[in-house]
Every structure is written in structure tokens, then in C-alpha cells.
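# Chain and residue survey
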2 protein chains.
Amino acid sequence: MTTSSFHPPVRTLMGPGPSDVNPRVLAAMSRPTIGHLDPVFVDMMDEMKALLQYAFQTKNELTLPVSAPGSAGMEMCFVNLVQPGDTVIVCINGVFGMRMKENVERCGATAVVVEDTWGHPVDPQKLEDALKAHPEANTVAFVHAETSTGACSDAKTLTEIAHRHDCLVIVDSVTGLGGVELRVDDWGIDAIYSGSQKCLSCTPGLSPVSFNDAAVARIKAREHKVQSWFLDLTLVMGYWGSGTKRAYHHTAPINALYALHESLVILQEEGLENSWARHRAHHEALRAGLESLGLELIVPRDHRLPQLNAVRVPDGIDEAAVRKMLLDDFSLEIGAGLGPLAGKVWRIGLMGYGANRRNVLLCLSALESAMAAQGADIRSGGAVAAAMAVYGA
Amino acid sequence: MTTSSFHPPVRTLMGPGPSDVNPRVLAAMSRPTIGHLDPVFVDMMDEMKALLQYAFQTKNELTLPVSAPGSAGMEMCFVNLVQPGDTVIVCINGVFGMRMKENVERCGATAVVVEDTWGHPVDPQKLEDALKAHPEANTVAFVHAETSTGACSDAKTLTEIAHRHDCLVIVDSVTGLGGVELRVDDWGIDAIYSGSQKCLSCTPGLSPVSFNDAAVARIKAREHKVQSWFLDLTLVMGYWGSGTKRAYHHTAPINALYALHESLVILQEEGLENSWARHRAHHEALRAGLESLGLELIVPRDHRLPQLNAVRVPDGIDEAAVRKMLLDDFSLEIGAGLGPLAGKVWRIGLMGYGANRRNVLLCLSALESAMAAQGADIRSGGAVAAAMAVYGA
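Keep in mind that this is a model prediction, so the values were computed, not measured.

## Focus on helix H5 (residues 124-133) of chain A
Residue and element names in this part refer to chain A.
- Among all positions in H5, only Leu-127, Glu-128, Ala-130 and Leu-131 are buried. Summarising the axial view, the buried residues of H5 lie within an arc of 165°, below the 170-degree limit, and thus occupy one face. Counted as exposed and oriented over 90 degrees from the buried face of H5: Lys-132 and Ala-133.
- Where H5 is buried, its residues touch strand E3 (87-92), strand E4 (110-115), strand E5 (139-143) and helix H6 (155-164).
- Its side-chain oxygen 2.9 Å from the backbone nitrogen of Gln-125, Asp-123 forms the N-cap of H5.

## Side note on the relation of the copies chain B and chain A
- Screw-axis analysis of chain B against chain A gives a translation of 0.0 Å along the axis, an RMSD of 0.0 Å, and a rotation angle of 180°. These values place the two chain copies in the arrangement generated by a two-fold rotation axis. It is Ala-68 of chain B whose C-alpha, among those of chain B, lies nearest the rotation axis, at 2.5 Å.
- When the interface residues of chain B are mapped onto chain A, 100% of them are again interface residues, pointing to one common binding face.

## Side note on the interface of chain B and chain A
- On the chain A side, the residues contacting the 72 residues of chain B number 72 residues.
- With both sides pooled, the region where chain B packs onto chain A buries about 6,200 Å², and carbon together with sulfur makes up 62% of that total.
- Considering only the side of chain B, the residues that lose the most area to chain A are Phe-6, Arg-106 and Trp-229 of chain B, jointly responsible for 14% of the buried surface there.
- Here chain B and chain A share 25 residue pairs in polar contact (both at pLDDT 80 or more) between them.
- Taken together, the elements giving at least two residues each to the side of chain B that touches chain A come down to helix H1 (23-29), helix H2 (39-56), helix H3 (70-81), helix H4 (95-106) and helix H10 (254-270) of chain B.
- It is H10 of chain B that contributes the most residues to the side of chain B that touches chain A, seven residues altogether.
- Here the side of chain B that touches chain A is built from residues that sort into 35 nonpolar, 24 polar and 13 charged.

## A few points about unusual backbone geometry
- In the segment running from Gly-17 of chain A into Pro-18 of chain A, the intervening peptide bond is cis, with an omega of 5°.
- Residue placement: Pro-18 of chain A occurs in the loop between strand E1 (12-14) and helix H1 (23-29).
- Although it is not a glycine, Asp-166 of chain B adopts a positive phi angle of roughly 60°.
- In this fold, Asp-166 of chain B is placed in the loop between helix H6 (155-164) and strand E6 (168-172).
- A positive phi angle is found at Ser-331 of chain B, which is not glycine, with a value near 50°.
- Here Ser-331 of chain B falls in the buried class, since its relative accessible area comes to 18%.

## Re the nonpolar core
- Ranked by internal contacts, the top residues of the largest apolar core, which has 212 residues, are Phe-41, Phe-78 and Phe-211 of chain A together with Phe-41, Phe-78 and Phe-211 of chain B.
- The residues contacting Phe-41 of chain A, other than those within four sequence positions of it, are Ile-34, Gly-35, His-36, Tyr-239, Ala-252, Ile-254, Leu-257 and Tyr-258 of chain A.
- If you look at the next biggest cluster of nonpolar residues, it comprises 30 residues, including Ile-334, Leu-350, Val-360 and Met-371 of chain A.

## Some points on the UniProt feature "binding site: substrate" (unreviewed entry) in chain A
Residues and elements named next belong to chain A.
- Per the UniProt record, "binding site: substrate" (unreviewed entry) is annotated on Arg-347.
- Structurally, Arg-347 is set in strand E11 (residues 345-349).
- At 2.8 Å, the side chain of Arg-347 and the backbone oxygen of Thr-147 are in polar contact.

## A short note on the pattern of salt bridges
- What the rule picks out here adds up to 40 salt bridges over all chains.
- When the shortest N-O distance is used, the salt bridge between Lys-225 of chain B and Glu-102 of chain A registers 2.9 Å. A residue pair is termed interchain when its members come from two chains, as with Lys-225 of chain B in the loop between helix H8 (213-220) and helix H9 (233-240) and Glu-102 of chain A in helix H4 (residues 95-106).
- Among the residues examined, Glu-102 of chain A registers a relative accessible area of 21% and is labelled partly exposed.
- Taking the shortest distance from any N to any O, the salt bridge between Arg-24 of chain B and Glu-262 of chain B comes out at 2.8 Å. Here the residue Arg-24 of chain B occupies a position in helix H1, and Glu-262 of chain B occupies one in helix H10, the gap between them amounting to 238 residues.
- A cluster of three or more residues bridged by salt bridges with shared partners is formed by Glu-102 and Arg-106 of chain A together with Lys-225 and Asp-232 of chain B.

## Describing the sheet that holds strand E2 (residues 62-66) of chain A
Residue and element names in this part refer to chain A.
- If you trace the seven strands from one edge of the open sheet to the other, you get E2-E8-E7-E6-E5-E3-E4, paired in mixed fashion. Only two strands of the sheet have a single partner each, and these edge strands are E2 and E4. Mean inter-strand twist for the sheet, computed between neighbouring axes without regard to direction, equals 15°.
- For E5 and strand E6 (residues 168-172), the ladder comprises five bridges, and the chain directions are parallel. If you follow Thr-139 over to E6, its bridge partner there is Leu-168.
- Contacting E2 and strand E8 (207-211), helix H9 (residues 233-240) runs over the sheet at an angle of about 95° to E2.

## Some words on the domain arrangement of chain A
Residue and element names in this part refer to chain A.
- You can read the domains of chain A as domain 1 (22-268) and domain 2 (272-391).
- The centre of domain 1, based on its C-alpha atoms, is set 29 Å off from the matching centre of domain 2.
- Counting from both sides, the interface comprises 31 residues of domain 1 and, opposite them, 23 residues of domain 2.
- Between domain 1 and domain 2, a total of about 2,200 Å² is buried, with carbon and sulfur atoms accounting for 65% of that surface.
- The shortest N-O distance in the salt bridge between Arg-183 and Glu-273 comes to 3.9 Å.
- Across the domain 1-domain 2 interface, the total number found is nine residue pairs in polar contact (both at pLDDT 80 or more).
- Contributing elements (two or more residues each) for the side of domain 1 that touches domain 2: helix H2 (39-56) and H4.
- Its residues placed into classes, the side of domain 1 that touches domain 2 shows 14 nonpolar, 13 polar and four charged.

## Describing the packing of helix H11 (residues 272-292) of chain B against helix H13 (residues 357-373) of chain B
All names here are of chain B.
- Look at H11 against H13: their axes get within 10 Å of each other, and the N-to-C directions meet at 15°. By the angle between their directions, the pair H11 and H13 is classed as roughly parallel. Here the hand of the crossing between H11 and H13 comes out right-handed. Judged by residue contacts, His-282, Ala-285, Leu-286, Gly-289 and Leu-290 of H11 engage Arg-357, Val-360, Cys-363, Leu-364 and Leu-367 from H13.

## What about the pairing of E5 of chain A?
Residues and elements named next belong to chain A.
- With five of five residues buried, E5 lies mostly within the body of the structure.
- Of the two faces of E5, the one carrying Thr-139, Ala-141 and Val-143 and the one carrying Val-140 and Phe-142 are both buried.
- Direction of pairing for E3 relative to E5: parallel, over a ladder of three bridges. Paired with Val-88 across the strands is Thr-139, a residue of E5.
- For the crossover that starts at E5, traverses H6 and ends in the parallel E6, the hand is right-handed.

## Concerning the UniProt feature "modified residue: N6-(pyridoxal phosphate)lysine" (unreviewed entry) in chain A
All names here are of chain A.
- When the UniProt feature table is mapped onto this chain numbering, "modified residue: N6-(pyridoxal phosphate)lysine" (unreviewed entry) sits at Lys-198.
- Topologically, Lys-198 is positioned in the loop between strand E7 (191-193) and E8.
- Excluding residues that lie within four positions of it along the chain, Lys-198 makes contacts with Pro-16, Gly-17, Ser-19, Thr-147, Val-174, Thr-175, Met-351 and Gly-352.
- Within the structure, the side chain of Lys-198 is placed 2.5 Å from the backbone oxygen of Pro-16, a separation counted as a polar contact.

## Structural notes on the sheet that holds strand E10 (residues 332-336) of chain B
All names here are of chain B.
- The four strands lie next to each other as E1-E10-E11-E9, forming an open sheet whose pairing is mixed. The two strands at the open ends of the sheet, each matched to only one other strand, are strand E1 (12-14) and strand E9 (308-312). With strand direction ignored, the average angle separating the axes of adjacent strands in the sheet is 30°.
- Bridge count for E9 against strand E11 (residues 345-349) is five bridges, and the pairing is antiparallel. Bridge pairing links Leu-308 to Gly-349 in E11.
- Across the sheet, H13 touches E1, E10 and E11, and the angle it forms with E1 is around 85°.

Criteria and thresholds
Residues numbered from 1 in each chain as written. Chains lettered and ligands numbered in written order. Predicted model: local features only at pLDDT ≥ 70, side-chain atom pairs only at ≥ 80, totals over all residues. Heavy atoms only, no water. Buried < 20%, exposed > 50% of the residue type's maximum accessible area, 1.4 Å probe, protein only. Helix = DSSP H or I, 4+ residues; strand = E, 2+ residues; numbered from the N terminus. Arc of directions from axis to C-beta. Contact = heavy atoms within 4.5 Å. Polar contact = N/O pair within 3.5 Å; in protein donor to acceptor, adjacent residues only side chain to side chain. Least-squares fit on C-alpha atoms with pLDDT ≥ 70 in both. Buried area = accessible area lost by both parts, 1.4 Å probe. Nonpolar A, V, L, I, M, F, W, Y, C, P; charged D, E, K, R; others polar. Core = buried A, V, L, I, M, F, W, Y, C linked by side-chain atoms within 4.5 Å. UniProt positions renumbered as here; feature names shortened; annotations may be inferred. Salt bridge = Lys/Arg side-chain N within 4 Å of Asp/Glu carboxyl O. Pairing = 2+ DSSP bridges. Axes fitted to C-alpha atoms, helices over the stretch in contact; angles between N-to-C directions. Domains from an automatic or database assignment. Parallel < 35°, antiparallel > 145°, perpendicular 65-115°, else oblique. Left-handed = near helix turned anticlockwise from the far one by under 90°. Right-handed = clockwise from strand over helix to strand, strands pointing away.

This is the structure in C-alpha cells:
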């Protein structure tokens, strides 16, 4: 057996992530590797923290990128903040809320589930009711931006309710960060995790997290050791803390961190509010085009994430065949549905660098072509025209 | 605040890892990102598995790169194979054995420690005695290649002893893989973890692991859910298993995997035995040079890892000042001591791409210069001459 070097095709990534990566990020990633305790690298870590604080809109000192994907950032939040015997209210309106429940239970805690229909946001009233029924709860966990459905929940209101009942909140904003309004400090979020490969348009593999003082106080007051050595914040802080003296914990993924640093520099150059507005603008154009194709989004208008568009697959259309044609003929990736939505939706991402006019028009053209190939009655060019009208062109 | 793009200096990395990265690996890392469920990527995953099987010298089906650093690979082994109430014999002869003990305890199991002097290998007789004294033990954990000291333990013999007492073994070969003889199947190792950033000369951030049938059988027979969702092999297998149908578990670190794939292709091109021999040859030259400087390695000759040379700092030499001068004046990184060896040793890595004549000569010249700057009585050029004599030049 002899294996050759791997040369991937050039794709346009419009699935639920990874998203299209800015070439500047790829260039940063291939810069020379230096040591994880090199003074120059330690300075870069300080910049990284400041850049992440900006992206999260927080002054939290404990803001850092976990050296692993979003699932590990999620686990870091739960294993550090939840102890055996705790009760945690978990709001579930998609796949990623279900994972939160798994995490709670694996910490030896009890999960009380608040359920909402997939595609809809978390209902604040249901959370309020659950908290009244479970005064023993000390934590509320919910997903800000559900990657499986494209629903955006009202993180500010949910956090207020949780705090009124003396609970800390753990928030999943893997798909939210950089693409939609998120203000960790103003909203009072206690612990939050995200991912590098969504609206930051970095390569996958890192999970930005942030913890406020209340979260840190709870970690310091723990009675049980954190069950994960790798994710134990009391140890990780020794490396990602302040000052020039950094205690070795694990070897940081140096080049991946170069990439994340560059993606955050790009976000800072654009400005966070501008990035949010850009995502919204391209979403509106995509939405208009999809509607002209007779396609509908599963999320009610006021609760849509611009960066993740879950589209109901029309009757008579083979959803997998459409995705295959997009990949084979257009080198364009869109996502399938997860869980109960498998086979029923496509998920079209407009994330970070990929939230641009070129991608919107390519996707609409390709979808039109693929659906027409299956006999759908579509006016050629209509989708692009509808999108262009929104752009004002 | 405006932060600029980060441009790292070009270093020569001769610490305990990360090691010098082959430019081919950096080039691979910056290739276009594709989706983690893209059929082309799935084919690459199959190649990756075969390449890792070659590096580990195993046919184990469950051989994969964990999407996080070696510490997470370690944790994957322990949380999947160890259950609450188990007794695990942990052999400690350096920092990384201590981490194994931490992992065992965080799994709710009891760790029985077999201790050896740092810098020495694990003593098989002590393991035998501990197993006789603890017939309830079901697992033995030890470090094949101790990164904190440079000692190589006899993994084959230790595994035989463990098996005679009906224990599975968990082996740390983070620094061993690719640099020194390691035969997972021939030696009967049940579970092993490594790292990308040592003798594979890949960027840091991934942890190759492998599990044999006995390990898989134990995982399948577990009574308790694995405490980590991210590292739960019963879930990870759904993605890294066989066939074209891969279940989404987490988003794989695509570009980091390109890099690891390329580093494994390079290893295959060279040949594993050739790589082991190359590490040995450059170690011998470095050793001769160090000895001519009056420096000694802390590990007895027969138990030295060629890729990690722990050098005793002579009396009267400021070890941190030497490392600083190497970094500032030669852009050369060597490592400090860890734990009880902090301030007492330097750790000089000759790993993967960095195990070459250029690095050996640079390191000896730079050390000579830095020690002379502190008033050491050194014959100029003597270290290089001694190394060159070993090279036969």
C-alpha cells in the first residue's frame, strides 16, 4: 500500500459548518509552528483573549479557545459547572439541546427537560414554569442558535428568567457567535461556548468559551473534582490565565490558534455589528430566492437565524439526490436534516466569509437546476432575480 | 484596540514538542477546507486509518486520531476502559504517569501506584509484585516513552506481565510513536495513545489512538455510560467506523487532519524502521557532542529515548538564561524540566523532521556558545567535532 498526499477539491461550503474559510485564515494556519510556551506565542494568546472578548462582547477574564471542537467546549461548561446531584433545566428545541441533556446526565446530575417544537425558539414561559416547579434547580441550559433547525432563541430573556430563580445559565452559541446579535455581558450570560467553524469562518477544531465571575465562583466552590482532567478549568486557567508565567497543561494546537486569531482579526476589521448586518442582508436575499422557488423555511420569520436556513423539502423531491447533484455538478455543499428532520429539510448556511452575494446566487442557481432536473415546475432564473431584487441591483 | 495578523518568528524546535514541522505538512494544512461528511473526506479518513495502523504496527480496526491533543487521547483511553470501582495499577516514573493516576481517580476508580525514580524505566519486577498484591486490579497503565525524562520503558515485557495477571494495558506513547520501536500487535498492547506533534512532526492538536479487540469488548460490556460525551468511543465509532455511512458526532478538525495525513504519508515514504534508525543515529551524534561539553544525560544508556534527551544542568550554569540565549540569539527552542526536574535539566528533542544533522549541529554550537557566555571552560568547536566524528564525516 502506498498512499499519496491528499488534495481536496475546492468546495463552496453552505452547509451547517464548516463554512467557507477565508484564504487569509488558511494562510495564517500554515505559518511556522512555534512552541506553546514561547514568549511570542504567549503574547499572541493575550491578543486572542482580547479578540474573543470583543466577539463575545464581554470583559470576562476567563475567555479562551478550548483546544478541541464545540462538543468539547460544551463539555467544558457542563463538567466544570455541574456537580453530581445538581438539577439542571435543559431547554430542548433541536439536536443540540439533546446533547446538553446527555452532558448533564453524564455529570451525575438530573436534567429537567423543557421541550419546544423543533424549528421554534425556546418558550420563556415554559422555562419560567419549570423553574417554579423545580426550585432545587441551580442551572439552566439552552441553545441560543440551534444549528439543527435555524431557530434563534431569546437568550437575553431566558437568562433573566434563570437569574430570577437563582440559576446560572449555560448557553450554546456555536452557530450564533459572529453571525447574530450576542452580548454576553449585557445579557448576563454566565457560561457560553461556541465553535470556530461557523460564523467565524475559521477551520473546525476549536471552541471559544467564556465564563463570568459567578461561574468562576461556582467552579472554585466545587466539592468534587472535575471529572475531566483535560477540560478542568482550574488547570486550564494556569495556561490561559494572565501574566508571563504560564503553567504547561497540554500542548496547545498552535497552528489552529493562528487560524482562529486571524479569523478574529478579520471580524474586528469588519466590526461585529457590520458582520451581523451582513449575515442578515444575505439571508434576506436567499430567502427571497428560495420563496420564488416555492421553498419555505421551517422557522417562523421573527425567530430565524440568518446564518442557518432550514428549508422544507417539497413533496416529490428526492432531497439526497438534490444534495448529491449540488456537490457533484456545482461542488457546492449544503446540509441534510438531523434527527426527526432527516430527509425533511436542507440546511443552507450563510456563515462568516460564506455570507456573500456570490454564494447566495450560486446556491439559488444550483437548487433551481437540481429541482428542475427532478421535474419541478420552475421558471428559469426566477430565484436569482428575486435575490437580486433584494440586493437592489 | 486594533490587532494585526500574527506573524510568528521562524524557530528551530528542539524541545519536548511541538517539533519542527515538515513544510509539506504545513502546506497540506492550508488546503481548502471541505465538509466532514464529504465523500472525498470520508475516503481520506479511510486512508488515515490505514496510515495510523502502519505507524502503530497494528491491524486494530479501532484506530483513529482523536480531535484534540494527547491529553484528550489519554482521557479517551481511561474514560472508556475504566469504570467506577475498578482498580488500576499505574506505573509512575515521570510527569505523565502522574497524569494517568489523575485520570484513573477521576473515573471513580482506585489507582495503585508503582513508583520508579524519574529518569529510569518502569521496573517489571515492581509491576509483578503489585499485581500479586492486588489481584482485584483489571488494568495496568504505564508510559512507554516518558516525555518528562526521556526514559523508555519495556512496553513488551510490561504488557506480558499485565496479561499474565488478566489485566488490560493502557500505554502512553505520545513521544514514542514514529521515533522508537513500537509494535502494538506483536506486543499485545490493548489501548494506546499518542500525539501528532512529536515524532510525527505534525502540528499539535491531534491524538492518534488504537484499541484492540479485548479493549473493544470491555467497552461494549460497560455497565456505566462513559462519563465524557465528546470522548465516548461508542459514539465516536459511528463517525470513524467503516463504510460510507458515517454518523455525525462532532465536526472533525478538517485541516488538522490534512496535516496529520501528510505527516503519515511522509513516515510511510521513509519507512518506520528507517525512521527509528534515523532518530537513533542523530541521538548518538548529539550525545557525543553533549558529552564533549561535559554534559550528561539523566537516563542510563540502555533506556534512553533517542528523541528526547534530558541533560543535567551543570553546577554554576543558569539553566533559564541558557534557554533564553538559545531562543533570542539562535531562535532555537529547547525545553525546561518539569516537576521535580524543573531547573535541573534541559530537554532536547530530536523528533521526526527535526531529527537531522542540521539541528544537532546548531544545538551543540548554540549550547557551547551559551555555556561559554556563562564562563564555562569549553574548547570552541569541540562539540561539533565530536558529533561529526559520530556521523563519520
